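Letter by letter, the chains look like this.
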Amino acid sequence: MSALTEATTSDLTVRKLHPALGAEVRGIDMRRPLDPATASALQAIWMEHLVLVFPSQNVTDAEHVAFTRYFGEPEIFHQKIIRSERVQEIFRVSNVNEDGVLMPPDHPVAQQVALAQFWHTDSSYKDIPCTGALLHGVEVSRTGGETQFTNMYLVYDALSPALKRLVDGRKARHNFGHMHSQAALKPLTEEEKAAMPPVWQPIVRQHPVTGRKALYISPIYNDEVEGMSADDAKRLIVELTQIAADPRFVYTHRWETDDVLMWDNRCSMHQVTPFDPRERRVMHRTTIVGQDRVMAG
Ligand code: OGA
Ligand code: MN
């Protein structure tokens, strides 16, 4: 493909990375525009594999945002401390500040970012959660910092009949502030709480594109389950999380610089494995604004 032509569908190669989910896609240069056929081919490949890995994408933040627009509207994150001051659609998953200085591990931003070391799906605490996200490995870690993804369609399918009966038609609460109570994070101020009130989401959701049922929990945010005591709710979320973490459902991504990963938050969870906080890790994320309320499955 010459540098000036658009990518065409015939350039795409797709290689499955794990039986449960994940595919590597080559033949795309994110710095160039996509023709409509390639954009819709990618959309279909994404729906099939849930997580796409695009290696060797040496993109600027602006190019990353432009590529995101093929899949929806990029979100501007509500917390200023996390988003980039330079390109506001960039959410910084980083222990290095924008001046390039490593943060101490007890820095509030480093602490918040470290909560991604627990299973979650992004922005499930919003009335209309995001569709998906695209994460660019700008400075990748070598001491850990691998990202794990689990296929929540398969997790739902694998539940015992008793667990299915328990979760079908039931809602869980997703509370942004709950995350803050789990780490040495400052609790949210009243104003921050009012800006992000907890929401109740069905535990089993129907994916708006594929129509398939997926388990929809986000353990770092789940603080209540409908009709259950606090202890029972906690136990249920832990049990479901353990099933979701079974290696048969999980793809683990070892990052190379300039990988871009794109995942579907409606049918997957992810977490990052621990890494040495003295090692720099700079990841830039765009987030695709959701279109629909979560539909019960
Ligand atoms: C995220 C996230 C994991 C990682 O960007 O939403 O959870 O590997 N990141 O940094
Ligand atoms: Mn995340």
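Just above, that's the structure.
Residues numbered from 1 in each chain as written. Chains lettered and ligands numbered in written order. Predicted model: local features only at pLDDT ≥ 70, side-chain atom pairs only at ≥ 80, totals over all residues. Heavy atoms only, no water.

(A) Spatial organisation of the coordination of the manganese ion (ligand 2). Protein-derived coordination of the manganese ion (ligand 2) comes from His120 (NE2), Asp122 (OD) and His270 (NE2), at a distance range of 2.1 to 2.2 Å. Motif for the manganese ion (ligand 2), donor spacing along one chain: H-x1-D-x147-H. Residue Asp122 is located in the loop between helix H3 (108–114) and strand S5 (132–139), and its partner His270 is located in strand S14 (residues 268–272); the two are separated by 148 residues in the primary sequence. (Donors = N, O, S within 2.8 Å, 3.2 Å for Na, K, Ca; no water. Helix = DSSP H or I, 4+ residues; strand = E, 2+ residues; numbered from the N terminus.)

(B) Focus on the environment of Arg92. Within the secondary structure, Arg92 is located in strand S4 (residues 91–94). Linking Arg92 and Ile82, residues 10 residues apart in sequence, is a C-alpha distance of 5.6 Å. Setting aside its immediate chain neighbours within four residues, Arg92 contacts Ile82, Arg83, Ser84, Asn97, Glu98, Val113, Val282, Met283 and His284. Of note is the side chain of Arg92, whose polar atom sits 3.0 Å from the backbone oxygen of Val96. (Contact = heavy atoms within 4.5 Å. Polar contact = N/O pair within 3.5 Å; in protein donor to acceptor, adjacent residues only side chain to side chain.)

(C) Spatial organisation of the nonpolar core. Residues Met152, Val167, Ile203, Leu215, Ile217 and Leu240 are the most contacted members of the largest nonpolar core, which totals 55 residues. Ranked by residues supplied to this core, first place goes to helix H8 (residues 230–244) with five residues. With sequence-adjacent residues up to four places away left out, Ile217 is seen in contact with Thr121, Met152, His174, Ile203, Asn222, Ile237, Leu240, Thr241 and Met269. Within the second largest apolar cluster, 21 residues are counted, among which are Met30, Leu34, Ala41 and Leu52. (Core = buried A, V, L, I, M, F, W, Y, C linked by side-chain atoms within 4.5 Å. Buried < 20%, exposed > 50% of the residue type's maximum accessible area, 1.4 Å probe, protein only.)

(D) Highlighting the site of ligand 1. Close to ligand 1 lie Val93, Ala116, His120, Asp122, Leu135, Thr147, Trp263, His270, Val272, Arg281 and Arg285, which account for all nearby residues. In this structure, an oxygen atom belonging to ligand 1 sits 3.1 Å away from a side-chain N or O atom of His120. At 2.6 Å from an oxygen atom of ligand 1 is found a side-chain nitrogen or oxygen belonging to Arg285. Protein coverage of the free-state accessible area of ligand 1, which is 290 Å², stands at 98%. Counting atoms within 2 Å of the grid points, the majority share of ligand 1 lands in the largest pocket. For the shell around ligand 1, a count of residues per class yields five nonpolar, three polar and three charged. (Near = heavy atom within 4 Å. Areas by Shrake-Rupley, 256 points an atom, 1.4 Å probe, with all protein chains shown as cover. 1 Å grid on protein atoms, 1.4 Å probe; cavity = no way out; pocket = protein on both sides within 12 Å on 5 of 7 lines; lining within 4 Å. Sits in = over half its atoms within 2 Å of the grid points. Nonpolar A, V, L, I, M, F, W, Y, C, P; charged D, E, K, R; others polar.)

(E) Layout of the layout of surface pockets. In this model, the largest pocket occupies a volume close to 570 Å³. Mapped onto the lining of the largest pocket, the elements with two or more residues apiece are S4, H3, helix H6 (176–182) and S14. Per-element accounting of the lining of the largest pocket gives the leading share, five residues, to H3. Looking at the lining of the largest pocket residue by residue, the class counts come to 21 nonpolar, 10 polar and four charged. Of the volumes computed, that of the second largest pocket is approximately 430 Å³. What lines the second largest pocket is a set of 20 residues, and nearest its centre among them are His178, Gln182, Pro219, Ile220 and Lys234. (Points joined across faces, edges and corners; volume = space filled by probe spheres on them.)

(F) Here's a closer look at the packing of aromatic side chains. Applying the stated criterion to the full structure yields nine aromatic pairs. Each ring, one from Phe67 and one from Tyr70, has its centre 6.2 Å from the other, and the planes form 65 degrees; the classification is edge-to-face. In this structure Phe67 comes out as buried when scored by relative accessible area, which is 2%. Here the guanidinium or amino end of Arg281 rests over the ring plane of Phe275, the centre of that ring lying 5.3 Å away. Lying across the ring of Phe91, Arg285 places its NZ or CZ 3.9 Å from the centre. (Phe/Tyr/Trp six-rings, centres within 6.5 Å; stacked < 30°, edge-to-face > 60°. Lys NZ or Arg CZ within 6 Å of the ring centre and 35° of its normal.)

(G) Highlighting the sheet that holds strand S10 (residues 213–215). Spatially, three strands are ordered S10-S9-S16 in an open sheet, and the strand pairing comes out antiparallel. The open sheet has two edge strands with one neighbour each: S10 and strand S16 (295–296). Direction of pairing for strand S9 (residues 204–206) relative to S16: antiparallel, over a ladder of two bridges. Bridge pairing in S16 links Arg205 to Ala296. (Pairing = 2+ DSSP bridges.)

(H) Inspection of the pattern of salt bridges at higher detail. Scanning all chains against the criterion turns up 19 salt bridges. Among the ionic pairs, Asp29 bridges to Arg31, the shortest N-O distance being 3.1 Å. Judged by its relative accessible area of 17%, Asp29 falls in the buried class. (Salt bridge = Lys/Arg side-chain N within 4 Å of Asp/Glu carboxyl O.)

(I) Here's a closer look at the sheet that holds strand S3 (residues 51–54). Taken together, the seven strands give an open sheet; going across it, the order is S1-S2-S3-S13-S5-S15-S4, and neighbouring strands pair in mixed fashion. The sheet terminates laterally at strand S1 (13–16) and S4, the two strands that pair on one side only. Across the sheet, the mean angle from the axis of one strand to that of its neighbour is 25 degrees, orientation sign disregarded. Of the strands in this sheet, S1, strand S2 (23–26), S3, S5, strand S13 (260–264) and strand S15 (282–288) are in contact with helix H1 (residues 36–49), which crosses S3 at around 125 degrees. (Axes fitted to C-alpha atoms, helices over the stretch in contact; angles between N-to-C directions.)

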